[in-house]
Structures are given as structure tokens and as C-alpha cells.
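# Notes for the structure review
Below are the chains, spelled out letter by letter.
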Protein chains: 2
Amino acid sequence: MPIYPMPLCRVEIALLSVVAERLCTLLVQREEEPYKGFWGLPGGVLRLELDKDLNAAACRVARERLRVESPALRQLTAVGAQGRDPRGKHDWGLSVLFYALVPEGSVLPTSGKRVSDLKWFAADDELPKMAFDHADLVSQAVEATRSSVANLQFPPGFVPERFTLGELQALSEQVLGCRLDKASFRRKLSDRGIVESLPGEQLRGNAHRPAAIYTLRAPEGKPS
Amino acid sequence: MPIYPMPLCRVEIALLSVVAERLCTLLVQREEEPYKGFWGLPGGVLRLELDKDLNAAACRVARERLRVESPALRQLTAVGAQGRDPRGKHDWGLSVLFYALVPEGSVLPTSGKRVSDLKWFAADDELPKMAFDHADLVSQAVEATRSSVANLQFPPGFVPERFTLGELQALSEQVLGCRLDKASFRRKLSDRGIVESLPGEQLRGNAHRPAAIYTLRAPEGKPS
DNA sequence: ACAAAAGTGTTCGTCTTACACCCATGC
DNA sequence: GCATGGGTGTAAGACGAACACTTTTGT
């Protein structure tokens, strides 16, 4: 078999979180050409010797560039085209996009290497000048994340171990950017067995009625 | 920037169709190592000089190997790992999976180049010995296709230009592998404006009551 | 007349939504 | 007592499944 030139393969990470009660995406200001000064998703080149698969590559990039230890990254899509990235052979770039929703405060901006400026941008505000096709990738990640939460499928690692239903509802509302009905929210959670109350445990001291403590029940896996 | 070795990048195609009233996947028996004699999805290596983007690559592969002219291929996922394909550097293979649902008869097996044996396999029967991780890819494509049709979102190119509701229901039932209720099927189609009747046009001659002729209405695009 | 497919109406149960209402607590 | 958030009940509506029923043709 002849040897064909291969594209520059990268992994990009759309890290979402709730910052100041709003859903935000973590972006990076580029220090180098191309698109110097523009903003983009943090990412990195696939390293065959270091990464045993795509997910491992995404984890490595998150660790190296964002100092985040293995968030629950999920693959969203792959994009590849000529003209995407002049650094590849034939100007051909292929990127696999991963995304995750992490709790507030689990990433401190100004961490990471080779990153002049890490900054959170609200999903509903206008984005800054974006490099490559990253504006589209961000909106895909935001849409997928909101759709998950709207269906009460919380990305693993986003919800704390123990929480009250009020806290969970506030988190969901901040991600979705709209208010939810309390009764419906609670009914769906208990009807579908998404959540489980810890008997006896309560949260007091809020100047109000104490709230029951809940945990997430693992969603139905595939028994094979 | 240093030059990093890149994986062998391929495009795989899960072509689905209805054959003998059952949903089937088109598979290929491999003529070469690795996995010689096993079955797999038709696919090909990404060619930077020929393909302007991933979708174009998938179309080229479909044309060259299956003699199918630009079916409506949709990207499903990307898989990449060490150990997937020994032909790549460091035994690293990256495949982007595309899938499509095409009308019966639009692919003649025994076409294509370098393909000893092209054969349709029913989605609900056991698959033959599969190469690489293609068994998993096939089931992902089947699931995505059925989910589309169950939501009455017919992959473009699958439904003929003009059809009767009876024909459309029969097609849907064959894809899903189960019967549908006639009244509900029709109500959903008209309520959601998925389908439009051609006034005056009828299909007669079936020894039964004539049927109205319908066309698909384009689903809501994104006005931007 | 009959078989068979086209086409429609009706009922029923489920799920969602909106809203009202009670409960418990710290101040 | 009262404001506030926790927690629950209920009525109204939307939606889909199941089924019965009528209509229209060719034979």
C-alpha cells in the first residue's frame, strides 16, 4: 500500500461551566499565527506515542492546557477540510471536538501552558472574533449540553455528590438560561428515578425549611 | 512547530437500505490482511489531494467503491485508537463514520473496485465475523437511522419524489421492523406539515380505492 | 357483492404545564 | 408573625396509541 500524506489531526475541547450564574465557554486567545489575537477552543495535536485513543488524547490536552484532571469528556463531532489549518500537509486539518460541563470553579483561568489568556464567555452573549470554524463548534457544544440538561441527563461530574433539589434546579436553570417549574422538575426527577433521597439527611441553617439531601442514581447502563 | 506522526485517517461508510422488505447494511468481505476473510464496512483512506473535506472524501469513497453517486451521507462519529489498524504509523487508526439510507435498488452488489464480495446483511440478523470495531459502528448507524425514521425525519434521498401514504408507511415499517398504526402515522405527517398532497393527482389501478399522491415538504431550515 | 386498501373519527390513557396550596424554619 | 424557600396536589391541555368505522375502487 502506498503511503498517503495525512492531515494534521487535532483534538479541541469545548469546556462549559456556569460562571456568575450563566452558562459559559472557556476560550483561549491565540498567541501565534494563524488567527493571531483571535479566540478559539483550547486544543492540541494528536500524539500517537502518548495517546492510546481519541478520548485519552482529549484528556491529555485538558490536563496539559487547562490543568483539569479527566473531566467527563464526550465526543461531539469531527470536522475536517482543506483550508482549515495551514500548518497541516496540503493545508488540511482534521479536528475531533470533545465537550464537557464542569462545576463552577473547577478551572482557574490563567492556568495551562502556552496560553496567554484563558477566559469564560457567556453562551448567550456575542462571541469575540473566533479562529477557524470554532464559533460553529462552540454553538454545537452549547446546544448539545443544553439538550442534555433539558432532558435531565446531567453530564457526569457536573452535579455534586450530595445536593438539594433547589440547588439542582438552580444549576439547571443557569445552564438552560430560563426558569423551570418547581413541581414538574421534581416530579420528573422522582418518576424517572434519576435522583434518590438520602434518608435522614437534611440541610438546615438557611433561615428556611430544611431541605432533603439527594444523590444521582446511575442511569440505566446497557446490560450485555 | 515540530512534525508529529499522524494516524492513518480513513472514512467508513454504513450504507443502509431496504432489501426484501428488511433493513440491511452493505458489507464487504476483506481480501487482505488484517482481518482477511472477515466482513467490514466499505471505506477508504483520506486523500488530501482529492478530498476538499470529510464529506467529499466520503462521497468519493462511495463513488469509487460502491458506484453510488453522492448519497446524502451524514457523519455519525469518529473513532480512533492505537491497535485499530496496523497499517498506520504506530498502529494508530482514525476513522470517521458516515451513514446513509438509500432506496432499494440504488446499489447493485458486485459493483465497486477491489471488492471481492459486497453483500447486504439484515440489521436484525446476526452479523458475520466483523473486522476492526465495525460491528459496533454498524449498530450505531442502524440505531441512528431507525431513530430518524421513527421521528418521521426521513433521510434526504430515501423517499421517492412522489409517493402515496401507504407506500411511505410500508417503507417506514420495513426500516423500523415493526408495524405502525395507520391513523396515527397519517395524523402526525399532516399535523407537523412533513408531507404535502398534490391536488388532483391520484394513483389508480391497484384494484382498490385510488390513493392521493404526496411529496415531502422541506423541513424547517435555519434562517440566518 | 366482495375484498382490500384509502381515509377519518372517537376514545382512552399518559405525560406536561401552570398554578395553587401547605409546611417548616430563622429572623 | 412573616418572608422565604421546601414540598405536594390538582385541573387543563397536548399528545399518542388503539380501534372502529366509512369510502372507493377493480374484479
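Residues numbered from 1 in each chain as written. Chains lettered and ligands numbered in written order. Predicted model: local features only at pLDDT ≥ 70, side-chain atom pairs only at ≥ 80, totals over all residues. Heavy atoms only, no water.

Moving on to the relation of the copies chain A and chain B. Turning chain A through 179° and shifting it by 0.0 Å along the axis lays it on chain B, with an RMSD of 0.1 Å. On the angle and the small slide along the axis, the relation comes out as a two-fold axis. An overlap of 100% is found between the interface residues of chain A and their copies at the interface of chain B, pointing to a shared contact surface. (Least-squares fit on C-alpha atoms with pLDDT ≥ 70 in both. Contact = heavy atoms within 4.5 Å.)

Time to look at the domain arrangement of chain A. All names here are of chain A. Each domain of chain A was delimited in the assignment, giving domain 1 (8–150) and domain 2 (165–216). At the interface, nine residues of domain 1 touch five residues of domain 2. Summing the contributions of domain 1 and of domain 2, the shared interface buries around 600 Å²; its carbon and sulfur component is 69%. Looking only at domain 1, the three residues that lose the most surface to domain 2 are Val18, Arg146 and Val149, adding up to 59% of its buried area. At the boundary of domain 1 with domain 2, the tally comes to zero salt bridges. The interface formed by domain 1 and domain 2 holds one residue pair in polar contact (both at pLDDT 80 or more) in total. Here the side of domain 1 that touches domain 2 is composed, by residue class, of five nonpolar, one polar and three charged. (Domains from an automatic or database assignment. Buried area = accessible area lost by both parts, 1.4 Å probe. Salt bridge = Lys/Arg side-chain N within 4 Å of Asp/Glu carboxyl O. Polar contact = N/O pair within 3.5 Å; in protein donor to acceptor, adjacent residues only side chain to side chain. Nonpolar A, V, L, I, M, F, W, Y, C, P; charged D, E, K, R; others polar.)

All names here are of chain A. Here strand E7 (residues 118–122) lies mainly inside the structure; four of its five residues are buried. When strand E2 (residues 22–29) meets E7, the two strands line up antiparallel, connected through five bridges. Among the inter-strand pairings, Leu26 is bridged to a residue of E7, identified as Trp120. (Buried < 20%, exposed > 50% of the residue type's maximum accessible area, 1.4 Å probe, protein only. Helix = DSSP H or I, 4+ residues; strand = E, 2+ residues; numbered from the N terminus. Pairing = 2+ DSSP bridges.)

Here the focus is the layout of surface pockets. The space that makes up the largest pocket amounts to roughly 1,800 Å³. Together, 42 residues line the largest pocket, and Arg74, Tyr99, Ser148 and Gln153 of chain A together with Glu143 of chain B are the ones closest to its centre. For the lining of the largest pocket, the secondary structure elements donating two or more residues are strand E5 (74–82) and helix H2 (134–150) of chain A together with strand E5 (74–82) and helix H2 (134–150) of chain B. Looking at which element gives the most residues to the lining of the largest pocket, the answer is H2 of chain B, with seven residues. The residue makeup of the lining of the largest pocket, split by class, is 18 nonpolar, 15 polar and nine charged. (1 Å grid on protein atoms, 1.4 Å probe; cavity = no way out; pocket = protein on both sides within 12 Å on 5 of 7 lines; lining within 4 Å. Points joined across faces, edges and corners; volume = space filled by probe spheres on them.)

A few words now on the protein's contact with DNA strand D. Neighbouring DNA strand D are 21 residues, the closest being Lys182, Arg186, His208 and Ala212 of chain A together with Arg192 of chain B. When the atoms of DNA strand D within 4 Å of the protein are grouped by moiety, sugar and phosphate amount to 53% of the total. Measuring from a base nitrogen of DNA strand D, one finds a side-chain N or O atom of Ser184 of chain B at 3.5 Å. Within the side chain of Arg187 of chain B, one N or O atom sits 3.1 Å away from a base nitrogen of DNA strand D. At the level of elements, helix H4 (182–191) and strand E9 (211–216) of chain A together with helix H4 (182–191) of chain B are the ones that each hand at least two residues to the surface near DNA strand D. Split by residue class, the surface near DNA strand D holds seven nonpolar, four polar and 10 charged. (Near = heavy atom within 4 Å.)

What follows deals with the pairing of strand E1 (residues 8–19) of chain A. Residue and element names in this part refer to chain A. Among the 12 residues that make up E1, 11 are buried, leaving the element largely enclosed by the rest of the structure. As paired strands, E1 and strand E6 (residues 92–102) are joined by 10 bridges and run parallel to one another. Residue pairing in the sheet places Ile13 in a bridge with Phe98 of E6. Bridge count between E1 and strand E4 (residues 43–45): three bridges; the pairing is antiparallel. Along E4, the bridge assignment pairs Glu12 with Gly43. With antiparallel pairing between neighbouring strands as the criterion, E1 and E2 make up a hairpin whose turn holds two residues, including Ala20 at a positive phi of roughly 50°.

Turning our eyes to something else, we now look at the packing of aromatic side chains. All names here are of chain A. Applying the stated criterion across every chain yields a total of six aromatic pairs over all chains. Considering the side-chain rings of Tyr35 and Phe38, the 5.4 Å spacing of their centres and the 65° angle between planes classify their relative orientation as edge-to-face. Relative to Phe132, the ring of Tyr35 has its centre 4.9 Å away and its plane inclined at 55°; by these criteria the two rings are tilted. Taken together, the residues span a long stretch of sequence, with Tyr35 in the loop between E2 and strand E3 (39–40) and Phe132 in the loop between E7 and H2 at a distance of 97 residues. For Phe132, a relative accessible area of 17% gives the class buried. (Phe/Tyr/Trp six-rings, centres within 6.5 Å; stacked < 30°, edge-to-face > 60°.)

Listed as interface residues are 29 residues of chain A and, on the opposing side, 29 residues of chain B. The three residues of chain A that bury the most area against chain B are Met6, Leu48 and Trp92 of chain A, which together make up 26% of that side's buried surface. Across the chain A-chain B interface, the total number found is zero salt bridges. Mapped onto the side of chain A that touches chain B, the elements with two or more residues apiece are E1, E5 and E6 of chain A.

A separate point is helix H1 (residues 54–66) of chain A. Residues and elements named next belong to chain A. The terminal C-alpha atoms of H1 lie 17 Å apart, and with 13 residues this matches the ideal 18 Å at 1.5 Å per residue to within 8%. Along H1, the positions that sit buried rather than exposed are Leu54, Ala57, Ala58, Cys59, Arg60, Val61, Ala62, Arg65 and Leu66. N-cap assignment for H1: the residue whose side-chain oxygen lies 3.2 Å from the backbone N of Asn55 is Asp53. A positive phi of about 55° marks Arg67, the residue just after H1. (Expected span 1.5 Å × (residues − 1).)

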